[in-house]
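# Descriptive analysis of the structure
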Amino acid sequence: MVVTLRRPAARNAINGRMVAELHRVCEELERTPRLLLLTGHGGVFAGGADIGELRRRGRDEALAGINSRLFERVRGLPLPTVAAVPGWALGGGAELAYACDLRIAGTDAVFGNPEPGLGILAAAGACWRLRELVGESVAKQVLLAGRVLDAPAALACGLVMDVVPADRLVEEAHALLDRMARSSMLALRLTKLVTDADGAHPLADDLAQAVLFESPDKEERMTRFLEKKGGRA
């Protein structure tokens, strides 16, 4: 599934309507698992959350976790997700990209979390997810010192897996998804589940492998591999 964030008048800022639409995307992908490509329209990923809406939100909306619950749902989708990031990915836009499994950046991509400058914090995952992705030092540079990560910096710290020319960004993301699509979907799904599991290793690994060892797909794929090798491992 390809999903494009599109609010050109607001640099694709994430508002309540977009949150609701992304929840519907998640519902469909939970019901019928597929790989997801998430990108932005017009050379921008998402310039943040909608500030007008944020200004009107109070304690109750914060406790409802409007954006954080969505991004956690994106993170928990059954099959891998890829964010193809052109241009700005700021605030909530950056946090949505962080929630994806993999990120590819255009040469013009910029990641940042300027929330403290607006009197709030990056509460939709950046305060803990970014630390997991890039380490404490870089995360604090972004979250506390207002550092923005351009594409080379994002690549250097491991936030993105590749940087490509902006006009080839979606094409390269599709190539990545095509490579993953050649793998067993059940194996990808269980690999993601085990990788994201907290404190259940090695039992989770063994149980997932037990399921895969009994799958017809495993038998067919390994048979084809051995036949290509002339019966040799």
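See above for the structure.
Right, let's walk through the structure included here. Along each chain, the written sequence defines residue order, and numbers are assigned to residues from 1. Two thresholds apply to this predicted model, a pLDDT of at least 70 for residue-level local features and 80 or more for giving and counting side-chain atom pairs, whereas whole-chain, interface and lining totals are computed over all residues. Think of the side-chain values as coming from all heavy atoms in the structure, minus any hydrogens and water.

## Considerations on the packing of helix α10 (residues 185-196) against helix α11 (residues 203-213)
Worth spelling out the cut-off: Lines fitted to C-alpha atoms define the axes here, with helix axes fitted over just the stretch in contact, and angles between the N-to-C directions of these axes take values from 0 to 180 degrees. Each helix is a run of H or I in the DSSP string that is no shorter than four residues. Each strand is a run of E no shorter than two, and both are numbered from the N terminus. Note that the term roughly parallel is reserved for angles under 35 degrees, roughly antiparallel for angles over 145, roughly perpendicular for angles of 65 to 115, and oblique for everything else. Only heavy atoms matter for contacts: two residues are in contact if any of them lie within 4.5 Å across the pair.
Running from amino to carboxyl end, α10 crosses α11 at an angle of 175°, the nearest separation of the two axes being 10 Å. Considering the angle they form, α10 stands roughly antiparallel to α11. Between α10 and α11, the residues in contact are Leu186, Ala187, Leu190 and Val194 and Ala204, Asp205, Ala208, Val211 and Leu212, respectively.

## Here's the deal with the packing of helix α4 (residues 66-75) against helix α5 (residues 92-99)
Relative placement of two packed helices is described by the angle separating their axes and the distance separating the axes. Rules: We call a crossing left-handed when the near helix sits turned anticlockwise from the far one by less than a right angle, and right-handed when that turn is clockwise.
Two elements in contact, α4 and α5, have axes whose closest approach is 8 Å; the angle formed by their N-to-C orientations is 25°. Considering their axes alone, α4 and α5 lie roughly parallel with respect to each other. Viewed along their axes, α4 and α5 form a crossing whose handedness is right-handed. Side by side, α4 and α5 meet where Phe71, Val74 and Arg75 of the first sit next to Gly92, Glu95, Leu96 and Ala99 of the second.

## So, the sheet that holds strand β1 (residues 2-5)
Our working rule: Any two strands with at least two DSSP-identified bridges between them are counted as paired.
If you trace the five strands from one edge of the open sheet to the other, you get β1-β2-β3-β5-β8, paired in parallel fashion. The open sheet has two edge strands, β1 and β8 (162-164), and neither has a second partner. Put simply, the sheet's adjacent strands are angled 20° from each other on average, direction ignored. Note that strand β2 (residues 36-40) and strand β3 (residues 81-85) share four bridges and pair parallel. In the strand pairing of β3, Leu37 is matched with Val82. On the sheet, helix α9 (residues 169-181) packs against β1, β2, β3, β5 (102-106) and β8 and is oriented at approximately 155° with respect to β5.

## Re the environment of Ala105
Looking at the element boundaries, Ala105 is found in strand β5. Measuring from C-alpha to C-alpha, the distance between Ala105 and Leu90 comes to 13 Å, with 15 residues separating the pair along the chain.

## Looking at the pattern of salt bridges
Note the cut-off: Each salt bridge in this description consists of a side-chain nitrogen of Lys or Arg and a carboxyl oxygen of Asp or Glu lying within 4 Å of one another. For each residue, the accessible area found with a 1.4 Å probe, counting protein chains only, is set against the maximum for its type, and the residue is called buried under 20%, exposed over 50%, and partly exposed in between.
A complete count under the given rule lists 14 salt bridges for this structure. Across the salt bridge formed by Arg34 and Glu28, the nearest N and O atoms sit 2.5 Å from each other. Note on Arg34: relative accessible area 35%, which makes it partly exposed. When its relative accessible area of 31% is taken as the criterion, Glu28 is described as partly exposed. Its salt-bridge partner being Glu53, residue Arg57 comes within 3.5 Å of it at the nearest N-O pair. You can call Arg57 partly exposed: its relative accessible area is 24%. Sharing partners across several salt bridges, the network here consists of Arg75, Asp101, Lys192 and Asp196.

## Regarding the sheet that holds strand β4 (residues 88-90)
In spatial order, the strands read β4-β6-β7; together these three strands make up an open sheet with mixed pairing. Edge positions in the sheet fall to β4 and β7 (149-150), since each of these pairs with one other strand and no more.

## As for a nonpolar patch on the surface
Selection rule: Patch membership needs two things, relative accessible area over 30% and no salt bridge, and members are linked within 9 Å if like-charged or within 5 Å if nonpolar (Val, Leu, Ile, Met, Phe, Trp, Tyr). Working definition of accessibility: Shrake-Rupley area with a 1.4 Å probe, residue cover restricted to the visible protein chains.
A contiguous nonpolar patch, built from Ile51, Leu118 and Ile120 and spanning about 270 Å² of accessible area, is present on the exposed surface. Relative to the assigned elements, Ile120 resides in the loop between β6 (110-112) and α6 (126-134).

## Remarks on α5
Of all eight residues that make up α5, eight are buried, and the element is covered over most of its length. Looking only at α5, the buried set comprises Gly92, Gly93, Ala94, Glu95, Leu96, Ala97, Tyr98 and Ala99.

## What to know about the side chain of Thr81
The condition is simple: Polar contacts here mean pairs of N or O atoms no more than 3.5 Å apart (in protein, one a potential hydrogen donor and the other a potential acceptor; neighbouring residues in sequence count only if both atoms are side-chain atoms).
By secondary structure assignment, the location of Thr81 is in strand β3. Among the polar contacts listed, one links the side chain of Thr81 to the backbone nitrogen of Asp101, at a separation of 2.9 Å. Not counting the four nearest positions on each side in its chain, Thr81 is found in contact with Leu36, Val74, Ala99, Cys100, Asp101 and Leu102.

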